[in-house]
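# Structural characterization, general
One-letter residues, chain by chain:
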Number of protein chains: 2
Amino acid sequence: MSQTDTVSRILDAAEVLFAERGFTETSLRTITSTAGVNLAAVNYHFGSKKELIQAVFERFLTPFTGALEAELDRRIASGQPLRVEGLLESLYRVGLGGLRARGLDPQRFMRLLGLAYTQFQGHLRRFIVSRYGESYRRFAGLLAEALPGVDPVTFYWRLYFMLGATIFTLSSYDAIEAILKEDFGAQSSLSETLERLVPAASAMLKVEVG
Amino acid sequence: MSQTDTVSRILDAAEVLFAERGFTETSLRTITSTAGVNLAAVNYHFGSKKELIQAVFERFLTPFTGALEAELDRRIASGQPLRVEGLLESLYRVGLGGLRARGLDPQRFMRLLGLAYTQFQGHLRRFIVSRYGESYRRFAGLLAEALPGVDPVTFYWRLYFMLGATIFTLSSYDAIEAILKEDFGAQSSLSETLERLVPAASAMLKVEVG
DNA sequence: CACCATTTAAAACAGCTGTTTAACTCTGGC
DNA sequence: GCCAGAGTTAAACAGCTGTTTTAAATGGTG
């Protein structure tokens, strides 16, 4: 088994298991046995469990932020003024299609992103901010420009409201979808949900209080 | 030390520690030593760690849902038609003031509620749904009545968007507040944030797509 | 073919986990 | 004043955790 094989087999297994059970609840032994590699391979290739967690996020976030930056470049190059709906569509389309094109599961990505915010892994938050904070700030800045009437503090609170609605909903997508299917018999897809999320989140960002 | 003393000392310590670090990351030894009681007291009084976790939630949720039900009764008895903003205000006012009046910390409540949704404690989700699902359905039903133009499936998705925005934001309230203070020097309070949340969430629930 | 660094393997490490046991202390009722 | 039962205590339990060690195997290069 070549090195890259072992490394990516570990990442594959860790990604699935972390998304299913969380970080603390997933042991290295579970990861290595489902990956079919030796226990010591994790510490050999990644150094520690913490660094494995970071590597899992890196494999998701690097393509994601790369595709997002490219999409933003494209929108700006088009010359048209940036609108809230368009920016959110960009974000979601990249999160959905951009990851899928690279063979990554967008729902798993959302679950992991949700975990990164709510689980108590200080190192992970620091890692993400230092590595991908620049892309985040760029997106937030463009969104703020598209909302000239909203004062900065209100804007940032609403940005967190929007992130909360997105991350929370999508990371529990399977559970919510199952409930709605049982109660209404309504089958829905992830892209349908994002189509509902764009106008809802836009309205939340834009509302004028009087 | 009387029994009630030991029981409530354990609950106090567990509540703080769970909210700070999560369930798996908090050991019974940490809980009992900060509570100043013997390790075996948890298993003696609660049976197991799982049941301790449920007891912590029970102490929060029973007063919360009780106060919410009373508030809804009051609103209905007033005879005025129920509006979205009013219902959200009821929810938040009860979560803030109702808990505080009982000596419970609303921010800790929100952190714990966030954990209940994102941590992988199947028993906890089942416990909460079976115990407090009725109140949840009542509130959701009244909110749906206040939104006659929104079809049921869309309504439920938006309800989850709203819950996500609320739980996510308030459970990370301290962190977000610290960032905004550093960037804008803007001191803000929990009740101010809820005042921002009411119109934002209402707009999200009400928006008409065209 | 032989060399050597890279990679894998099995085993052991110390430390922590939730839970249980058995002995002990205390308190309320007779 | 005593005794049953509730409450507390320290100790031990078995099992799991991330990490390290030591040795064997592998695979590309001279």
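Source: prediction; values computed, not measured.

Conventions we followed
The residue numbering used here restarts from 1 in each chain and proceeds along that chain's sequence as written. Note on labels: chains are lettered from A, ligands numbered from 1, in written order. Per-residue local features of the predicted model are confined to residues with pLDDT of at least 70, and side-chain atom pairs are confined, for both listing and counting, to 80 or more; whole-chain, interface and lining totals are unaffected and use all residues. Hydrogens are left out, water is left out, and the side-chain values use all remaining heavy atoms of the structure. Helix and strand assignments follow DSSP, with helices taken as H or I runs no shorter than four residues and strands as E runs no shorter than two, numbered in order from the N terminus. Buried, partly exposed and exposed residues are distinguished by accessible area as a fraction of the type maximum, computed with a 1.4 Å probe on protein chains only: under 20%, between the cut-offs, and over 50%, respectively. For this analysis, residues touch if any pair of their heavy atoms sits within 4.5 Å. Accessible surface is estimated by sampling points in the Shrake-Rupley manner with a 1.4 Å probe; for residues, cover comes only from the protein chains shown. Only four residue types enter the charge count: Lys and Arg as positive, Asp and Glu as negative, with His and the chain ends excluded. Charge coordinates come from a single atom per side chain, which is NZ of Lys, CZ of Arg, CG of Asp or CD of Glu. Interaxial angles span 0 to 180 degrees and are taken between N-to-C directions of axes, which are lines fitted to C-alpha atoms, for helices over the stretch in contact. We call two directions roughly parallel when the angle between them is under 35 degrees, roughly antiparallel when it is over 145, roughly perpendicular when it lies between 65 and 115, and oblique otherwise. Throughout, a crossing is termed right-handed when the near helix is turned clockwise from the far one, and left-handed when it is turned anticlockwise from it by less than a right angle. Basically, the charged four are Asp, Glu, Lys and Arg, the nonpolar ten are Ala, Val, Leu, Ile, Met, Phe, Trp, Tyr, Cys and Pro, and anything else, Gly included, counts as polar. We place the copies in one frame by least squares, fitting the C-alpha atoms of every residue whose pLDDT is at least 70 in both. Reported buried area values correspond to the accessible surface (1.4 Å probe) lost by two parts on association, with both partners' losses combined. Any carboxyl oxygen of Asp or Glu within 4 Å of a side-chain nitrogen of Lys or Arg constitutes a salt bridge here. In protein, a polar contact requires one atom able to donate a hydrogen and another able to accept it; more generally it is a pair of N or O atoms within 3.5 Å, and residues adjacent in sequence count only if both atoms are side-chain atoms. UniProt positions are given in the numbering used here, feature names are shortened, and annotations may be inferred rather than shown by experiment. One less than the number of residues in a helix, times 1.5 Å, gives the span that helix is expected to have. The reported bend at a residue is simply the angle between two axes, fitted to the 7 residues ending at it and to the 7 residues beginning with it. By convention a nonpolar core is built from buried Ala, Val, Leu, Ile, Met, Phe, Trp, Tyr and Cys residues, the set being connected through side-chain atoms within 4.5 Å.

### Some thoughts on the overall build of chain A
- When helices and strands are tallied, chain A shows 10 helices and zero strands.
- Beginning at the N terminus, the succession of helices and strands in chain A can be written as α-α-α-α-α-α-α-α-α-α.
- Once the C-alpha set of chain A is aligned to its principal axes, its extents read approximately 60 × 40 × 30 Å.
- Every one of the 210 residues in chain A was classed for burial, and the buried ones make up 54%.
- A sequence separation of at least 24 residues applies to 71% of the contacts in chain A between residues at least 6 apart.
- Accessible surface, chain A: about 9600 Å² in total, of which carbon and sulfur atoms supply 52%.
- Across chain A, the centroid of the 23 positively charged side chains sits 4 Å from that of the 23 negatively charged ones.

### Concerning the environment of Leu17 of chain A
- Its location among the elements puts Leu17 of chain A in helix H1 (residues 3-21).
- Assessed through its relative accessible area of 6%, Leu17 of chain A is described here as buried.

### A few points about the packing of helix H4 (residues 49-77) of chain B against helix H5 (residues 84-101) of chain B
Residues and elements named next belong to chain B.
- Axis separation between H4 and H5 bottoms out at 9 Å; the angle between their running directions is 140°. Between H4 and H5, the crossing angle belongs to the class labelled oblique. Pair H4 / H5 crosses with right-handed handedness. For the pair formed by H4 and H5, the contact residues are Phe60, Phe64, Ala67, Leu68, Glu71, Leu72 and Arg75 on the first element and Gly86, Leu87, Glu89, Ser90, Leu91, Arg93, Val94, Gly95 and Leu99 on the second.
- When its residues are assigned to classes, the contact of H4 with H5 shows nine nonpolar, three polar and four charged.

### Let's talk about the relation of the copies chain A and chain B
- With an RMSD of 0.0 Å, chain A superimposes on chain B once it is rotated by 180° and translated 0.0 Å along the axis. Taken together, the rotation angle and the small translation identify this as a two-fold axis.
- When the interface residues of chain A are mapped onto chain B, 98% of them again lie at the interface, so the same face is used by both copies.

### So, the environment of Ile176 of chain B
- Topologically, Ile176 of chain B is positioned in helix H9 (residues 173-184).
- The exposure class assigned to Ile176 of chain B is buried, which follows from its relative accessible area of 3%.
- Residues within four places of Ile176 of chain B in sequence aside, it is in contact with Trp157 and Tyr160 of chain A together with Thr169 of chain B.

### Description of the interface of chain A and chain B
- Contacts between the two partners involve 47 residues from chain A, matched on the other side by 46 residues from chain B.
- Of the roughly 4100 Å² buried where chain A meets chain B, counting both sides, 77% is carbon and sulfur surface.
- The interface formed by chain A and chain B holds zero salt bridges in total.
- On the surface where chain A and chain B come into contact, there are four residue pairs in polar contact (both at pLDDT 80 or more).
- Of all the secondary structure elements, the ones that give two or more residues to the side of chain A that touches chain B are H1, helix H6 (106-118), helix H8 (152-171), helix H9 (173-184) and helix H10 (190-206) of chain A.
- No other element matches the 14 residues that H8 of chain A contributes to the side of chain A that touches chain B.
- Counted by class, the side of chain A that touches chain B contains 30 nonpolar, nine polar and eight charged residues.

### Quick notes on the pattern of salt bridges
- Enumeration according to the criterion identifies 29 salt bridges over all chains in this entry.
- Here Glu15 of chain B ties to Arg59 of chain B by a salt bridge, and the two come within 2.9 Å at their closest N and O atoms. Separated by 44 residues along the polypeptide, Glu15 of chain B in helix H1 (residues 3-21) and Arg59 of chain B in helix H4 bring together distant segments of the chain.
- The network of salt bridges with shared partners includes Asp12, Glu15, Arg59, Asp105 and Arg108 of chain A.

### Here we look at the side chain of Glu15 of chain A
- Glu15 of chain A sits in the buried class, given a relative accessible area of 3%.
- Discounting chain neighbours no more than four positions away, the residues touching Glu15 of chain A are Val56, Arg59, Phe60, Leu104, Arg108 and Leu112 of chain A.

### Considering the UniProt feature "DNA-binding region" (unreviewed entry) in chain A
- The sites that UniProt annotates as "DNA-binding region" (unreviewed entry) are residues 27-46 of chain A.
- Between the end C-alpha atoms of residues 27-46 of chain A the distance is 15 Å, and the span holds 75% helix and 0% strand.

### Topic: helix H10 (residues 190-206) of chain B
- Helix length check: H10 of chain B (17 residues) gives 24 Å between terminal C-alpha atoms against 24 Å at 1.5 Å per residue, within 8%.
- Counting buried residues along H10 of chain B, 13 of its 17 residues qualify, which places the element largely inside the surrounding structure.

### Some details on H4 of chain B
Residues and elements named next belong to chain B.
- When the terminal C-alpha atoms of H4 are compared, their 42 Å separation across 29 residues agrees well with the 42 Å that a helix rising 1.5 Å per residue should span.
- Taking the largest bend as the criterion, H4 deviates by roughly 25°, centred on Glu58.
- One or two steps after H4, the chain reaches Gly79, where phi turns positive at roughly 85°.

### Details of the nonpolar core
- Grouped together as the largest cluster of nonpolar side chains are 152 residues, with contacts concentrated most on Leu52, Phe57 and Met162 of chain A together with Leu52 and Met162 of chain B.
- Apart from residues lying up to four places away in sequence, Met162 of chain A is in contact with Leu88, Tyr92, Phe139, Leu143, Ala201, Met204 and Leu205 of chain A.

### With respect to the packing of helix H5 (residues 84-101) of chain A against H10 of chain A
All names here are of chain A.
- Axis separation between H5 and H10 bottoms out at 9 Å; the angle between their running directions is 150°. With respect to each other, H5 and H10 are oriented roughly antiparallel. As for the relative orientation of H5 and H10, their crossing is right-handed in sense. Residues Val84, Glu85, Leu88, Glu89, Tyr92, Leu96 and Arg100 of H5 pack against Leu190, Ser191, Leu194, Leu197, Val198, Ala201, Ser202, Leu205 and Lys206 of H10.

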